[in-house]
Amino acid sequence: MNVIANLIRTRSKMKPVFPLIVCLIVFASMPCLSSAADEPLDVNLAENALELAEQVGRWLADNTVPQPEGITWPDDVKNPEAISYDLASGVAGKVLYFVALYRATENPDYLDLALGGADYLVATLQDPVVFEGNQRKASLYTGVSGIGVALMHVQHHARQTKYRNAIVKVIRLLDEWGVSDAQGLHWSDEFNDLIYGDAGTTLFLSWYAEQTGDEHALDMAHRGAQFLLGQADESADGKFWYFRRGKPFNLPNFSHGTAGVTYVLATVAAQTNDESLRLGAQAGFDYIKSIAETEGGLLRIPYGWGSESWDGLYEFGWAHGLAGTTSMFVRLQQTGIDAESAAEFERLSRHTLQNINLPGPPAPPFAEPSTPLDLRFGRAGVLTLVGEWSIDSTITDNVAELRKALWSHIEQAAIRDERTAHWEVDAPEFMGGGRAAYTGIFHGAAGIGLAVLRMHARASGLPPYVDLPDHPIK
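In this report, the structure presented in the accompanying data block is examined. What you are looking at is a predicted structure, and each value in this text was computed from that prediction instead of being measured.

Brief notes about the overall build of the protein chain
The number of helices and strands found in the protein chain is 16 helices and 12 strands. A fraction of 69% describes how many contacts in the protein chain between residues 6 or more apart in sequence connect residues 24 or more apart. Carbon together with sulfur atoms contributes 49% to the accessible area of the protein chain, which is approximately 17,000 Å² in total.

As structure tokens, then:
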């Protein structure tokens, strides 16, 4: 694997060469961004974004850890003992990043790095001890569903039997681990949510079925969505879902609560034509509307309830703020569920994100998140969302200005030399504290790099380079 890293060190920078027809030949089922090609191409922005993305790739290449069955990366380069397999922090996330970088450049060295990580994931699936006693083992961001996402992207470019068999193994494990009862199908005894729980697992199966036409996977997704519907709590204005069953943690935004579950119900309802799921998604949206606060044309959705520290707290990011919950507004429009109201809430969200002083310190009552740059809580998550907004929209807000401002902020925060780039943070206590140089999607270089590559695709008039189940393509 040192050979691969050396090739990336010495290879001259490549221009993006994927034509627009990439939509048709790579992901047959991935919707193309019809509006992207209508926008004026920003050549300078695209070139600068790709340069930074490749510098991130070289930094990750420098920090590979060879294994007998492939390659890995430490979750945190400053604390290299922990090596995870998952999509959030681990190897699967880096595999996804290198697939995206390969698609942006056609540099085969990046695909080789993705394949090295994929080989490790294949071996991981053969070791049952890895998953023993893990309540999150089936999940999208911390379990085998995320491995499935990474391997699906690899399989599109390296049609090898071992990857195809490994994807089948993921589906088989989810089938074996599923608990079926009168309410439907579930995998976790504790978590409802998109990151750790049954919402994420259900969404992966739905996405996989959409990609492959696998009717059994779709049936599992359908039964998973039915189970989630049965976990809802009633409010005066709709339905909501607790993060953890039996615990009073109501975190209503995208990652751990009602917005994420609503996204899943709407997605599966559209695939299965199940009216009960459509009504469940509507009820979830009704609840979000009931707790939403608007003042001066700005939209706020509370962080949640269950801890005094959450009182009066509002965030802007993917996990607990508008950037993530806007994905629900988009998916409702795509599936025709209260589409007019969902479009208005998307408009309010867009207007808010452009008028709370980002990328600087957010205007009160919005709070600075615990990790201010990353994809999970910080500005990279907003950049990922903005990358899907059309510049020539009928909405008058200046999307291009916010996109460039976020990009400039993230670029200036990078630690760069002539070859590499990464970001370092002061980790909050719940993440262990201390100085960290994370590599993953949620808090590290791979996630920030994916946001940059998504912006690069838009600036180049192309669709996103990778398709994630919870990132709706507009």
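Looking at the nonpolar core
In terms of nonpolar packing, the biggest core is built from 153 residues, with L121, L151 and F204 touching the most fellow members. Residue contributions to this core peak at 11 residues, all from helix α4 (residues 91-105). In contact with L121, not counting residues within four places along its chain, are Y85, V91, A92, V95, I147, A150 and L151.

Thoughts on the packing of aromatic side chains
This structure, assessed with the given rule, holds 24 aromatic pairs. Centroid distance Y85 to F131: 5.5 Å. Interplanar angle 75°. Geometry classified as edge-to-face. Highlighted residues: Y85 in the loop between β2 (70-72) and α4 and F131 in the loop between α5 (108-125) and α6 (144-155), separated in sequence by 46 residues. With respect to class, Y85 is no different from F131; both count as buried. An angle of 70° between the planes, with centres 6.2 Å apart, marks the rings of F249 and W310 as edge-to-face. With F249 in the loop between β6 (238-240) and α10 (258-272) and W310 in the loop between β8 (298-300) and α12 (322-335), this residue pair connects regions lying 61 residues apart in the sequence. Judged by its relative accessible area of 25%, F249 falls in the partly exposed class.

Section: empty space enclosed by the protein
All told, the structure shown has two cavities of 30 Å³ or more when counted by the stated rule. If you go around the second largest cavity, the residues you meet are A100, L375, T384, L450, A451, L453, R454, P464, Y465, V466, L468 and H471. When grouped by side-chain class, the residues that make up the lining of the second largest cavity number nine nonpolar, two polar and one charged.

A look at the environment of P252
Within the secondary structure, P252 sits in the loop between β6 and α10. Distance in space between the C-alpha atoms of P252 and G284 is 9.6 Å, their sequence separation being 32 residues. Excluding residues within four positions of it along the chain, P252 makes contact with G257, T258, A259, Y287, I288, I291, P302, Y303, G304 and W305.

Some remarks on unusual backbone geometry
Cis peptide bonds are those with omega within 30 degrees of zero, and the linkage from L358 to P359 qualifies with 10°. Backbone torsion omega between P364 and P365 reads 10°, so that peptide bond is classified as cis. For P365, the location among the structural elements is in the loop between α13 (339-353) and α14 (379-386). In this structure, E106 is a non-glycine residue whose phi angle is positive, near 60°.

Considering the layout of surface pockets
Remark: the empty space left among the atoms is shown by a probe the size of a water molecule rolled over them. For the largest pocket, the calculated volume is near 650 Å³. Along the wall of the largest pocket there are 33 residues; nearest its centre are Y196, R376, F430, M431 and H443.

Thoughts on α13
If you check α13, its first and last C-alpha atoms are 21 Å apart, about what 15 residues at 1.5 Å a residue would give, namely 21 Å. Of all the residues in α13, the buried ones are S341, A342, F345, E346, L348, S349, R350, T352 and L353. Taken together, the buried residues of α13 touch α11 (275-291), β7 (293-295), β8, α12, α14 and α15 (399-413).

Cut-offs applied
- Residues numbered from 1 in each chain as written.
- Predicted model: local features only at pLDDT ≥ 70, side-chain atom pairs only at ≥ 80, totals over all residues.
- Heavy atoms only, no water.
- Helix = DSSP H or I, 4+ residues; strand = E, 2+ residues; numbered from the N terminus.
- Contact = heavy atoms within 4.5 Å.
- Areas by Shrake-Rupley, 256 points an atom, 1.4 Å probe, with all protein chains shown as cover.
- Core = buried A, V, L, I, M, F, W, Y, C linked by side-chain atoms within 4.5 Å.
- Buried < 20%, exposed > 50% of the residue type's maximum accessible area, 1.4 Å probe, protein only.
- Phe/Tyr/Trp six-rings, centres within 6.5 Å; stacked < 30°, edge-to-face > 60°.
- 1 Å grid on protein atoms, 1.4 Å probe; cavity = no way out; pocket = protein on both sides within 12 Å on 5 of 7 lines; lining within 4 Å.
- Points joined across faces, edges and corners; volume = space filled by probe spheres on them.
- Nonpolar A, V, L, I, M, F, W, Y, C, P; charged D, E, K, R; others polar.
- Expected span 1.5 Å × (residues − 1).

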